[in-house]
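So the chains spell out like this:
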Amino acid sequence: MILHSFQEAFPDICVHVCRNLYFGEASRFDIYNTSKAREQVEQKGKTLDFPAVGSRVADWLYSKRMPIHSAMPEMSFGTRAELKRWRNLCAKLFDLVIGE
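The rules behind each value
Residues numbered from 1 in each chain as written. Predicted model: local features only at pLDDT ≥ 70, side-chain atom pairs only at ≥ 80, totals over all residues. Heavy atoms only, no water. Helix = DSSP H or I, 4+ residues; strand = E, 2+ residues; numbered from the N terminus. Contact = heavy atoms within 4.5 Å. Polar contact = N/O pair within 3.5 Å; in protein donor to acceptor, adjacent residues only side chain to side chain. Salt bridge = Lys/Arg side-chain N within 4 Å of Asp/Glu carboxyl O. Buried < 20%, exposed > 50% of the residue type's maximum accessible area, 1.4 Å probe, protein only. 1 Å grid on protein atoms, 1.4 Å probe; cavity = no way out; pocket = protein on both sides within 12 Å on 5 of 7 lines; lining within 4 Å. Points joined across faces, edges and corners; volume = space filled by probe spheres on them. Nonpolar A, V, L, I, M, F, W, Y, C, P; charged D, E, K, R; others polar. Core = buried A, V, L, I, M, F, W, Y, C linked by side-chain atoms within 4.5 Å.

Colleague: What is the right way to read the environment of Tyr-32 from this model?
Modeller: Note on placement: Tyr-32 falls in helix 2 (residues 30-33). Beyond its immediate stretch of four places on either side in the chain, Tyr-32 contacts Leu-3, Val-17, Arg-19, Arg-38, Val-41 and Thr-47. Looking at Tyr-32, its side chain comes within polar contact range of the side chain of Thr-47, at 2.6 Å.

Written out as structure tokens, the structure reads:
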């Protein structure tokens, strides 16, 4: 596991892991949730739940192959609103760890 190798190479580094909830609820990440790597991460860092982006946003970004900053002005109002909601959730998530 890459995370385990990284932890061995840099034992004193604070690591935060993000579970991408686009792929399912946090409880579905069985391998990570029951791992020693998670226990080691949470001794110094945090396990963060990255919010799921709405399907219409994910589909739009995937089909257009555009970065978020370029896509935002081209999206419909509803899709853009969902993307802004998701970005705000992400900002709050990262505020938890960036200030450390």
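Colleague: Just checking my understanding: could you explain the pattern of salt bridges for this structure?
Modeller: Between side chains of opposite charge, a pair can form as their charged atoms come close. With the rule as written, the count across this model stands at 4 salt bridges. A salt bridge links Asp-49 to Arg-19; the nearest nitrogen and oxygen atoms lie 2.7 Å apart. Residue Asp-49 is found in strand 2 (residues 47-50), and its partner Arg-19 is found in strand 1 (residues 17-20); the two are separated by 30 residues along the sequence. By relative accessible area, Asp-49 is classed as partly exposed at 31%. On the basis of relative accessible area, Arg-19 is assigned to the buried category, the value being 13%. Between Glu-42 and Arg-38 there is a salt bridge whose closest N-O contact spans 2.7 Å. On the criterion of helical spacing, the pair formed by Glu-42 and Arg-38 is a turn pair, its members being 4 residues apart in helix 3 (residues 36-44).

Colleague: I'm lost on the side chain of Gln-7 in this one. Help?
Modeller: Relative to the assigned elements, Gln-7 resides in helix 1 (residues 2-9). Exposure remark for Gln-7: the relative accessible area of 11% places this residue in the buried category. Within the local environment of Gln-7, its side chain forms a polar contact with the backbone oxygen of Ala-37, the two atoms lying 3.3 Å apart. In this structure, Gln-7 is in contact with Ala-37, Gln-40 and Val-41, ignoring residues within four places of it in sequence.

Colleague: Explain the layout of surface pockets here, please?
Modeller: In this approach, a probe sized like a water molecule rolls over the atoms, and the result shows the empty space that is left. Of the voids in this model, the largest pocket is the one considered here, and its volume is about 160 Å³. If you go around the largest pocket, the residues you meet are Gln-7, Glu-8, Phe-10, Pro-11, Ile-13, Cys-14, Val-15, Gln-40, Val-41, Gln-43 and Lys-44. Counting residues per element, the ones that place at least two in the lining of the largest pocket are helix 1 and helix 3. Tallied by class, residues from the lining of the largest pocket come to 6 nonpolar, 3 polar and 2 charged.

Colleague: Whenever I open this one, the nonpolar core confuses me. Can you help?
Modeller: One broad rule of soluble globular proteins: the nonpolar side chains tend to lie buried together. With 15 residues, the main nonpolar core has Val-57, Leu-61, Met-75, Leu-83 and Trp-86 as its most contacted residues. Elements that contribute at least two residues to this core include exactly strand 2, helix 4 (55-64) and helix 6 (77-98). By residue number, the principal contributor to this core is helix 6, which donates 5 residues. Those residues within four positions of Leu-83 in sequence are excluded, and the remaining contacts are Val-57, Ile-68, Met-72 and Met-75. With 6 residues, the next largest nonpolar core counts Leu-3, Val-17, Ala-37 and Val-41 among its residues.

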